[in-house]
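# Examination of the molecular architecture
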Amino acid sequence: MESSGADKCADWASPERVELRRTVRGFTERYVLPNLDEWEKDGEVPRNVHRVAGKLGLLAAGFPENVGGVGDMIDNLVITDELISAGASSGFAAALLTHHIALPHIVASGDEYLIERYVLPSISGEMIGCLGVTEPTGGSDVAGLATKAEDHGDHWLINGSKTYITSGARADFIVVAASTDGAGHAGVSLIVVDTSSAGFSVTRRLEKMGWACSDTAEITLVDVEVPKANLVGERGTGFYQIMRNFDGERLGLAVHGYALASRGLELAVEWARTRRSSGAPLTSLQTIRHKLAEMARQTEVARVFTQKVATDFAAGRVGSKEVAMAKNTSVYACDYVVDQALQIHGGLGYMKGSEVERIYRDARILGIGGGTNEIMNEIIAKRMALV
Amino acid sequence: MNIAVCVKQIPDPAAPWSLDPSTHNLVREGKLILDDSDAYGVEMALQLVDKAGAGEVTLVSMAPRNETSGLRTGLAMGAAKAILVTDDQLAGSDALSTAKVLAAAIATTEFDLVIAATESTDGYTGTTPVQIAELLGLPSVSFAKKVEIDGSVVKVDRQTEAGYDEVICPLPALVTVTAGVVEPRYPSFKGIMSAKSKPVVTLSLADLGLVGAAGGAVAGQEIVSVQKAEARQAGVIVEDDGTGAQQLVEYLEQLKFV
């Protein structure tokens, strides 16, 4: 069993992480690959897959031990890398690992009640959580939220709607960003809402270009009563809590980028070796060989740079600028590689049902989700003191 | 219920293997991994100990250069500890030497049952386990497809060409298990992390009192010559001009399959 994600940073290839990759690859081959086409059609990943992953500890990586976690942030990125490199798909990784965007704020708050109720069951795979920030009217403008949570003494009364919610159709709870104290950054709070609450509804399941097995929802909250105890952290600190977690999410998406490129390259090489044209394999053509060489180069650069930035970020040596650079480097490499992988496959690559066609569609979200390519460049530019 | 499981650490079958041109032995210079066929024995042992409610699983292995990568996999699956015999003099050992070493290592730990694979993926002699049993004075049952402990006996369904035999054998004993006896678990992430701190006792030939009694120098078995397998012949391509089925039948008749 050979892992395709050839780790160039020694940190990423410790004996434990090599072993972890074997487990992730085994999990992917036994539980994911035989069912992925069906989940893509169904538009969601079944709950029991979360339980299996939870039992293997794949949902625990990167969380502190006192909330049932094990290992660190790099371990979680290794899991993401291996899932996608092994063919589990970028959409599957997004669906399975949504708790990494839903839970960090609760974990950081140290609130024992919320940890017991939401974090522990999510890490064991019994519960599915999601994060609700974006609104149908205002994009991801965190400071200008239309969703309001009114203080009614012993409970919050929440009204509003959220969209593009990853795992929103399956979730047991949603961490909602709502305005509790007027407009502006200081008025935003995070509140956990059980999706079984009266007044909560999934308005629409959103049909997407890619990530088909990852359910995405638009949800509404109409006079939803939520206990005061469900406030995450201090009132009015929601904006800062969300901002603090963006870098981690972006590093995750950077890993999606190079891992998906790696999978695309693998498929293209395999195809070019076996597909014959005029009596010889495609690899006999210089134009194809050079194409594959350039795909390999870009994939390798994205992998090495992303792994280095992630390692440095985990050690506190770099920040948002380098994370933004890693995300864009990886996304641009992925865009190029999956496009060329499809090109090499010719007509077959354009057919529904071929893996390379799915990869091509899946890749497109990576330059949008977690902050667009343009936002990444703005983050980089701001730190270059250009004006 | 304490169980010793013999495990072999072998070069990764996913990477091409090579033979040393002078000794004809397998080159074991790279990273070694747990032989897949041993994962069944480890899993079987873990399940039997779990069912017994007490005891532990000990891995026993012989490998060059203090290699523990494969042992860590078994420890991550749930084994409690490992014994590794490593010694430069063991290079070139034959099956009997290996059996002597493993038997002596097993004798350093408490056990009610010894489990091994029917054969290793790299050597395929299939003779080491029964030699270990003989050296330890244990009864042995080979080719187990089902293993149960019942008080002081082990009950084994032993795979045969015609079906299987039901064997009852007193403990302590040695059992070799086939692939498929159980489905090996994947090590959990927590298991992988905890394996780092599990004990691996490293022993030399001197520690086992086997200097001059085991190892390459006293091997009674020698690989005299090695020949490359013939390159696989290209297959027959049947163009279906309406007689494809007939052509296939004729081809299978020619091979005496039908």
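On a predicted model such as this, the values are computed, not experimentally measured, just so you know.

Once that is clear, we can look at the overall build of chain A. If you tally the helices and strands in chain A, you get 13 helices and ten strands. Taking 2.2 N^0.38 as the reference for a compact globule, 387 residues should give roughly 21 Å; the C-alpha atoms of chain A span a radius of gyration of 21 Å, in line with that estimate. Once the C-alpha set of chain A is aligned to its principal axes, its extents read approximately 80 × 50 × 40 Å. Considering only contacts in chain A between residues 6 or more positions apart, those separated by 24 or more positions represent 73%. Accessible area for chain A stands at about 15900 Å²; split by element, carbon and sulfur atoms hold 53% of it. For chain A, the separation between the mean place of its 39 positive charges and that of its 49 negative charges on side chains is 7 Å.

Here we come to the overall build of chain B. Check the secondary structure of chain B and you find six helices and eleven strands. A buried classification covers 41% of the 258 residues belonging to chain B. Accessible surface, chain B: about 13800 Å² in total, of which carbon and sulfur atoms supply 51%. Computing the positive centroid from 19 side-chain charges and the negative centroid from 33, chain B places the two 7 Å apart.

Take helix α3 (residues 95–106) of chain B next. All names here are of chain B. An ideal rise of 1.5 Å per residue puts 16 Å on twelve residues; α3 measures up with 16 Å between its terminal C-alpha atoms. Across the twelve residues that make up α3, a large majority, ten, are buried. Buried residues of α3: A95, S97, T98, A99, V101, L102, A103, A104, A105 and I106, and no others. Its buried side turned inward, α3 meets β1 (3–6), β4 (57–62), β5 (81–85), β6 (113–117) and α4 (128–136).

Residue and element names in this part refer to chain A. One pass over the full model with this rule turns up 33 salt bridges over all chains. Measuring nitrogen to oxygen at the nearest pair gives 3.2 Å for the salt bridge that ties R22 to E19. With R22 and E19 both in helix α1 (residues 15–32), this residue pair falls three residues apart, about one helical turn. You'll find R22 and E19 in the same group, each marked buried. Ionic pairing is found between E44 and R205, a salt bridge with its closest N-O pair at 2.3 Å.

All names here are of chain A. This structure, assessed with the given rule, holds five aromatic pairs over all chains. Ring geometry for Y118 against F173: centres 4.8 Å apart, planes inclined by 55°, an arrangement best described as tilted. Of this pair, Y118 sits in helix α8 (residues 112–123) while F173 is found in strand β4 (residues 173–179), placing the two residues 55 residues apart along the sequence. Looking at Y118, the relative accessible area reads 0%, which means it is buried. Look at F173 and you get buried, because its relative accessible area is 0%. With centroids separated by 5.4 Å and ring planes inclined at 90°, the aromatic side chains of F239 and Y240 adopt a geometry described as edge-to-face. A residue is classified by how much of its surface remains accessible, and Y240, at 44% relative accessible area, is partly exposed. Ring-pair connections join several aromatic residues into one group, and the members of that group are F27, Y31, W39 and F92. Taking NZ or CZ as reference, K228 lies 5.0 Å from the ring centre of W156, over its face. Positioned above the aromatic ring of F246, the side-chain terminus of R250 is 4.6 Å from the ring centre.

This brings us to the interface of chain A and chain B. The partner chain B presents 15 residues to the 19 residues of chain A that form the contact. Per-residue buried area on chain A facing chain B is highest for E16(A), E19(A) and R30(A); these three make up 35% of the total on that side. Linking chain A to chain B there are eight residue pairs in polar contact (both at pLDDT 80 or more). No other element matches α1(A), which puts nine residues into the side of chain A that touches chain B. Counted by class, the side of chain A that touches chain B contains seven nonpolar, five polar and seven charged residues.

All names here are of chain A. Here chain A is described as being made up of domain 1 (5–124), domain 2 (129–236) and domain 3 (240–383). Computed over C-alpha atoms, the centres of domain 1 and domain 3 are 20 Å apart. Listed by partner, the interface residues are 29 residues for domain 1 and 28 residues for domain 3. Put simply, domain 1 and domain 3 have zero salt bridges between them.

The next point concerns the nonpolar core. Among the nonpolar cores identified, the biggest contains 128 residues, and F27(A), L83(A), F92(A) and L59(B) are the most heavily contacted of them. At 16 residues, the largest contribution of residues to this core is made by helix α9 (residues 238–274) of chain A. Among all residues touching F92(A), those that are not within four sequence positions of it are F27(A), V32(A), L36(A), W39(A), V45(A), V49(A), L83(A) and C213(A).

Moving on, we come to unusual backbone geometry. Residues and elements named next belong to chain B. Across the junction of L171 and P172, the peptide omega takes the value -5°, indicating a cis bond. Turning to its location among the elements, P172 is positioned in the loop between β9 (164–170) and β10 (173–177). Even without glycine at this site, N66 takes up a positive phi of about 55°. By the element assignment, N66 lies in the loop between β4 and α2 (69–77). Among the residues examined, N66 registers a relative accessible area of 47% and is labelled partly exposed. Here the phi dihedral of F143 falls at roughly 55°; this positive angle occurs in a residue that is not glycine. Note that F143 resides in strand β7 (residues 140–150).

Our focus in this paragraph is a nonpolar patch on the surface. Residue and element names in this part refer to chain B. On the surface, V236, V238, L248, V249, Y251, L252, L255, F257 and V258 cluster together to form a nonpolar patch covering roughly 810 Å² of accessible area. Its location among the elements puts L252 in helix α6 (residues 244–254). For L252, a relative accessible area of 34% translates into the label partly exposed.

All right, on to helix α12 (residues 355–363) of chain A then. Counting buried residues along α12(A), seven of its nine residues qualify, which places the element largely inside the surrounding structure. Three or more residues of α12(A) are buried, namely V356(A), E357(A), R358(A), I359(A), R361(A), D362(A) and A363(A).

Another aspect to go through is the sheet that holds β1(B). Residues and elements named next belong to chain B. Taken together, the nine strands give an open sheet; going across it, the order is β9-β8-β7-β10-β6-β1-β4-β5-β11, and neighbouring strands pair in mixed fashion. Unpaired on one side and paired on the other, β9 and β11 (200–203) mark the two borders of the sheet. On average, adjacent strands in this sheet sit at an angle of 30° to one another, irrespective of strand direction. Relative to β10, β6 is paired through five bridges, and the arrangement is parallel. Paired with L113 across the bridge in β10 is A173. The strands that α3 touches are β1, β4, β5 and β6; relative to β4, the one it contacts most, it runs at about 150°.

Conventions used here
- For every chain, the first residue of the written sequence is number 1, and numbering continues from 1 along that sequence.
- Lettering of chains starts at A and numbering of ligands starts at 1, both following the order in which they are written.
- Whole-chain, interface and lining totals are the exception, using all residues; otherwise, since this is a predicted model, local features are given only for residues with pLDDT of at least 70 and side-chain atom pairs are given and counted only at 80 or more.
- The side-chain figures draw on all heavy atoms in the structure; neither hydrogens nor water molecules are used.
- Strands here are runs of E lasting at least two residues and helices are runs of H or I lasting at least four, both read from the DSSP assignment and numbered beginning at the N terminus.
- For a compact globule the rule gives 2.2 Å times the number of residues to the power 0.38, and the radius of gyration it is set against comes from C-alpha atoms.
- Any two residues having at least one pair of non-hydrogen atoms within 4.5 Å are treated as being in contact.
- For the accessible areas, the method is Shrake-Rupley and the probe is 1.4 Å, while residue cover comes only from the protein chains on display.
- In this tally, Lys and Arg are treated as positive and Asp and Glu as negative; His is ignored, and so are the chain termini.
- We put the charge of a Lys on NZ, of an Arg on CZ, of an Asp on CG and of a Glu on CD.
- Remark: exposure states derive from per-residue accessible area (1.4 Å probe, protein chains only) relative to the maximum for the residue type, with buried under 20%, exposed over 50%, and partly exposed in between.
- Helix span is expected to be 1.5 Å times the residue number reduced by one.
- Any Lys or Arg side-chain nitrogen found within 4 Å of a carboxyl oxygen on Asp or Glu counts as a salt bridge.
- Each Phe, Tyr or Trp ring, with Trp reduced to its six-membered ring, pairs with another whose centre is within 6.5 Å; inter-plane angles below 30 degrees give stacked pairs, above 60 give edge-to-face pairs, and intermediate values give tilted ones.
- Whether a charge sits over a ring depends on NZ of Lys or CZ of Arg being within 6 Å of the ring centre and within 35 degrees of the ring normal.
- Summed over both partners, the accessible surface that disappears when two parts come together, traced with a 1.4 Å probe, is what is meant by buried area.
- Within 3.5 Å is the distance limit for a polar contact, defined as a pair of N or O atoms, with the added protein rule that one can donate a hydrogen and the other accept it, and that residues adjacent in sequence qualify only through two side-chain atoms.
- Think of it as three bins: nonpolar holds Ala, Val, Leu, Ile, Met, Phe, Trp, Tyr, Cys and Pro, charged holds Asp, Glu, Lys and Arg, and polar takes everything else, Gly as well.
- Domain extents, as shown, originate in an automatic or database domain assignment.
- The definition of a nonpolar core used throughout is a set of buried Ala, Val, Leu, Ile, Met, Phe, Trp, Tyr and Cys residues joined through side-chain atoms within 4.5 Å.
- Only residues whose relative accessible area exceeds 30% and that form no salt bridge are eligible for patches; like-charged ones are grouped when within 9 Å, while nonpolar side chains (Val, Leu, Ile, Met, Phe, Trp, Tyr) are grouped when within 5 Å.
- Paired strands, in this sense, are two strands between which DSSP finds at least two bridges.
- Only the stretch in contact is used when a helix axis is fitted, and all axes are lines through C-alpha atoms; the angle between N-to-C directions ranges over 0 to 180 degrees.

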